[in-house]
Each structure stands twice: as structure tokens, then as C-alpha cells.
Amino acid sequence: FLIFVFVERICLMTQITLQHTAGLVVALGFASLSPKVQADDSHLKIAVPEDHAPIMVMGDHLHKAGEYMVSLRHMDMSMDGNLSGTDDIADSAILDIANSHGTPAQLRVVPQKMDMKMTMLGAMYAPSDWVTLMLMAMHIENTMTLKTYHAMNKTLLGSFKSRSEGTGDTTVGALIRGGETGAGKWHYGLGLSLPTGSIKQTGAVLTPMNMTATGKRLPYPMQLGSGSYDLKPSITYNGDWGRWRVGAQANAVVRLNDTNADYRLGDKAELQGWAMRRFTDWLSTSVRFDVSHQGKIDGQDSNITLPVQTAQKNFSGGTFANLSLGVNLIGRNGVLADHRLAIEWVSPVYQDVHGVQMEREDTLMIGWQKAF
């Protein structure tokens, strides 16, 4: 019953009809009546719903020689309101903050809400039992609602929306087998993010002089990529603890160069752990906790000059922690065999931002995976 309620809540958040989800669950359930045992030694012995980590975790598992996998993930993330460090901050207080770009002297444009949609297409291939190659491409849609105040007297002039959409950065890499313990095993990951996402997105803005200016370069969070080559090392552990499947991962993003706009985003480090429990041969649930820290932007894009917090290089990065719950379904036979559908809902539990930034709200990811 609790699992059904959780799935229903997630469906409402993503505007997926409960009937469609229930139909998929029933279909996977019927498919699970005859467990599928793989005949080929190069494949998994038995397809089970906790074979993979929660869907938000990347690079969590290796494949055996000759095996490959495709995946499709869609993430919805939102931000609402603003924080100064760990505390809420009102528009009136933000308007007293100095504008590092000089004119006007204080900030006069305040973000209210941001929605980001990201669709990720992934592929993995194992040329040997020791190495699995990876590729991840993505498409991003950003929408931000902002309010503009008069340059001289803080009078609200109106609101406007900024939008950006297009290809994000592309990641290539490899997972390398590590070692084993009595209850589990670990592996290493090394990825390289290629700057295929644009950092020159522009839009129309309402200025503090009550004029609409077109073709203005949008602030850093509205750009589609990092603009730099980024190294992505990781180490991942998967094991068993009683009736639980557990895992942990440490990963980082290291910016290797400045962008062609003379800045680089802050480096990032993340640590996360998860536990998964199987309830049937075709369904498991998961809980995951992650904490991350990202540094400030180094340098500055001379074309990003709007009097808004998102255009201030020191107002970037911070420390964040999230608690996530997930549901994982896997087909057991017939046309649904080995098809995995996973849903994960991420809720922020701690945010400490550098300067003033938007407050992160819940994130939802839905993903499909199939190994061959």
C-alpha cells in the first residue's frame, strides 16, 4: 500500500496518469510470473530490480564482455524564491545588494522561479569484463521568471521570462573494474565532459529603465553547458547487507580550462550512498542520501552584465544535501524482459549557498534502461 501511494504521488508530480502507471506495473507483474534466467554467461544470471543503483546515480555498474546497454532519463528540477547562505531573503533585501557590474549601483532584477528540464540519452559497451565504455548526451530546457525594479526608487516595473534550450554537454568515459570484498565489489570511473552545450544563449529582458532589451546574454545558470573540458573521476562500491543491496559513490567534476568567455565554473565534489530492498522479483524501492560542494565561478564573462544575482560571479556554488526515494520496476519475461523503469524523487534537506542564489525545490527523474 505504501509503495502504491508513493508511486501515485510521483505520478501526480509529473502529470502522468495513474492508469498508465498502474497498467505498466500490472504488465511487469504478469511478466514476472516466470522468472527469466539468462542462458548466456556474458549476461546477468537473473534480472532483478536492484541490479542497478537508483536512477539518479551515474556510472554505478559495469557490464560483462560483449554486453551493451541503452538508457533514457528525463529530469524535472525547479527553484523557487531566494536564499542568502542558509536563510530566506526577500526581494527588498536583495535590492540593497551592490551590483558588481557598476550600473545601476544595486541589483534591480530578482529571479522568482526557475524550471529546468533535462533529457539524457546514454549508452554503455563492455569490450572486456574489466572495462565498460560510456557515452551520455543531453538536451536542456531552462525557463526563469524574474521581476524588474526601477533603477532609482525600487518601484516594481513588471516581470518577464527568460528561456534557453538546446544541446547540453556530452560526456564520454570508462568504468574500470577494481576489487572485491566478501560482500561486494568496487570500480573506478573516469569521464571527460565535452563542451557541446552553448554558453552564449541570449534573450529579451526588462531593464531597470523600464525598457525591453533584446539579444542580451543570459546569466550563467541559463547557459546550456560549462564551456570547458571537465574531468569526472569517481569510485563506486556495490554490495549486500542482509536483505538490502547497498552502494556508495564519491565523484568530482574538475574544470580543465577557462571557457572562451574568460571564466570557468567552480569544481564540484559529491558523496552519496544508497540502499535498495526487493519486494518482489519485479519491484524494489530505494533510499539515497547525497551531499555535494561546488566552488564559485572563477573569472567573468564580459557580456553577462545584467543587474541580477545570477550574473554575479561570487553568487555561485555552495554546499547541498538531498534525501531521495525511488521505485524500480523490471520486466521478467516476454517483450518486457530486462526492461527497467525507475523513478526517483529528490528532496533538498540542506542548502548553504555562496552569496544570494535561488532556493532548490524537489527534483523528479524517470528513467528507462535496457541491457543486451
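This structure is a prediction, so every number in the text was calculated from the model and none was measured.

Caption draft 1: Representation of the overall build of the protein chain. Each helix and strand counted, the protein chain has three helices and 18 strands in total. For the protein chain, the residues scored as buried account for 49% of the 372 residues in total. Restricting the contact set of the protein chain to residue pairs at least 6 apart, pairs at least 24 apart contribute 70%. Within the structure as shown, the protein chain displays about 17300 Å² of accessible surface, and the carbon and sulfur contribution to it stands at 59%.

Caption draft 2: Up close: the side chain of His61. With respect to the element layout, His61 can be found in the loop between helix H2 (18–31) and strand E1 (68–84). With a relative accessible area of 9%, His61 lands in the buried category. Reaching out from His61, the side chain makes a polar contact with the side chain of His52 at a distance of 3.5 Å. One polar contact links His61 to His63, side chain to side chain, over a distance of 3.0 Å.

Caption draft 3: Representation of the nonpolar core. One finds Met75, Met118 and Met120 to be the most contacted residues of the largest nonpolar core, which totals 33 residues. Secondary structure elements with two or more residues in this core: E1, strand E3 (109–125), strand E4 (131–149), strand E8 (202–206) and strand E18 (356–371). Residue contacts for Met75: discarding those within four places in its chain leaves Met56, Met116, Lys117, Met118, Met120, Thr363, Leu364 and Met365. Core analysis: the next-biggest nonpolar cluster, separate from the first, contains nine residues, Ile94, Val110, Tyr149 and Phe315 among them.

Caption draft 4: Structural detail: the environment of Arg264. Counting through the fold element by element, Arg264 comes out in strand E12 (residues 263–264). Residue classification places Arg264 among the partly exposed positions, given a relative accessible area of 24%. Taking the C-alpha atoms as reference, Arg264 lies 10.0 Å from Lys313; in sequence the two are 49 residues apart. Side-chain polar atoms of Arg264 contact the side chain of Asp258, separated by 2.7 Å.

Caption draft 5: The pattern of salt bridges, seen in detail. One pass over the structure, following the stated rule, counts eleven salt bridges. As a salt-bridge pair, Asp115 and Lys113 come within 3.8 Å of each other at their nearest N and O atoms. Residue Asp115 is classed as partly exposed on the basis of its relative accessible area, which comes to 30%. The exposure class of Lys113 is partly exposed, given its relative accessible area of 34%. A salt bridge links Arg288 to Glu344; its shortest N-O distance comes to 2.8 Å. Remark: Glu344 occurs in strand E17 (residues 340–353) and Arg288 occurs in strand E14 (residues 283–294); sequence separation between them is 56 residues. The same class applies to Arg288 as to Glu344, namely buried. Among the charged side chains, a network of salt bridges with common partners joins Glu50, Arg278 and Asp281.

Caption draft 6: Local environment of the environment of Ala151. Mapped onto the secondary structure, Ala151 falls in the loop between E4 and strand E5 (156–167). Residues Ala151 and Thr207, 56 residues apart in the sequence, show an inter-C-alpha distance of 8.6 Å. If near-sequence neighbours (up to four positions away) are discounted, Ala151 is found in contact with Pro104, Arg108, Pro208 and Met209.

Caption draft 7: Up close: the packing of aromatic side chains. In this structure the tally under the stated criterion is two aromatic pairs. Residues Tyr68 and Phe372 carry aromatic rings whose centres are separated by 5.3 Å and whose planes lie at 20° to one another, so their mutual orientation is stacked. Placement of the pair is Tyr68 in strand E1 and Phe372 in the segment after E18, with a sequence separation of 304 residues. The residue whose ring lies beneath Arg177 is Trp130, and the NZ or CZ to ring-centre distance is 6.0 Å. The lysine or arginine in question, Arg360, covers the ring of Phe320, its NZ or CZ lying 3.6 Å from the ring centre.

Caption draft 8: Local environment of the pairing of strand E16 (residues 318–330). E16 sits mainly inside the fold: ten of its 13 residues count as buried. The pairing of E14 with E16 spans twelve bridges and is antiparallel. Note on E16: the bridge partner recorded for Thr285 is Val327. As defined by bridge partners, E16 adjoins E17 across 13 bridges and the pair is classed as antiparallel.

Caption draft 9: Focus on a nonpolar patch on the surface. A cluster of nonpolar side chains, contributed by Leu271, Val287, Phe289, Val291, Leu323, Leu325, Val349 and Tyr350, occupies part of the molecular surface with about 650 Å² of accessible area. Sorting the residues of the nonpolar patch by element identifies E14, E16 and E17 as the ones contributing at least two each. Turning to its location among the elements, Phe289 is positioned in strand E14. For Phe289, a relative accessible area of 42% translates into the label partly exposed.

Caption draft 10: Quick peek at the side chain of Thr171. Of note, Thr171 is situated in strand E6 (residues 170–180). Assessed through its relative accessible area of 15%, Thr171 is described here as buried. Within the local environment of Thr171, its side chain forms a polar contact with the side chain of Lys232, the two groups lying 3.3 Å apart. Here Thr171 is in contact with Met134, Leu135, Met136, Leu192, Ser193 and Lys232, once residues within four sequence places are set aside.

Criteria and thresholds
- Residues numbered from 1 in each chain as written.
- Predicted model: local features only at pLDDT ≥ 70, side-chain atom pairs only at ≥ 80, totals over all residues.
- Heavy atoms only, no water.
- Helix = DSSP H or I, 4+ residues; strand = E, 2+ residues; numbered from the N terminus.
- Buried < 20%, exposed > 50% of the residue type's maximum accessible area, 1.4 Å probe, protein only.
- Contact = heavy atoms within 4.5 Å.
- Areas by Shrake-Rupley, 256 points an atom, 1.4 Å probe, with all protein chains shown as cover.
- Polar contact = N/O pair within 3.5 Å; in protein donor to acceptor, adjacent residues only side chain to side chain.
- Core = buried A, V, L, I, M, F, W, Y, C linked by side-chain atoms within 4.5 Å.
- Salt bridge = Lys/Arg side-chain N within 4 Å of Asp/Glu carboxyl O.
- Phe/Tyr/Trp six-rings, centres within 6.5 Å; stacked < 30°, edge-to-face > 60°.
- Lys NZ or Arg CZ within 6 Å of the ring centre and 35° of its normal.
- Pairing = 2+ DSSP bridges.
- Patch = residues over 30% accessible without salt bridge, like charges linked within 9 Å, V, L, I, M, F, W, Y side chains within 5 Å.

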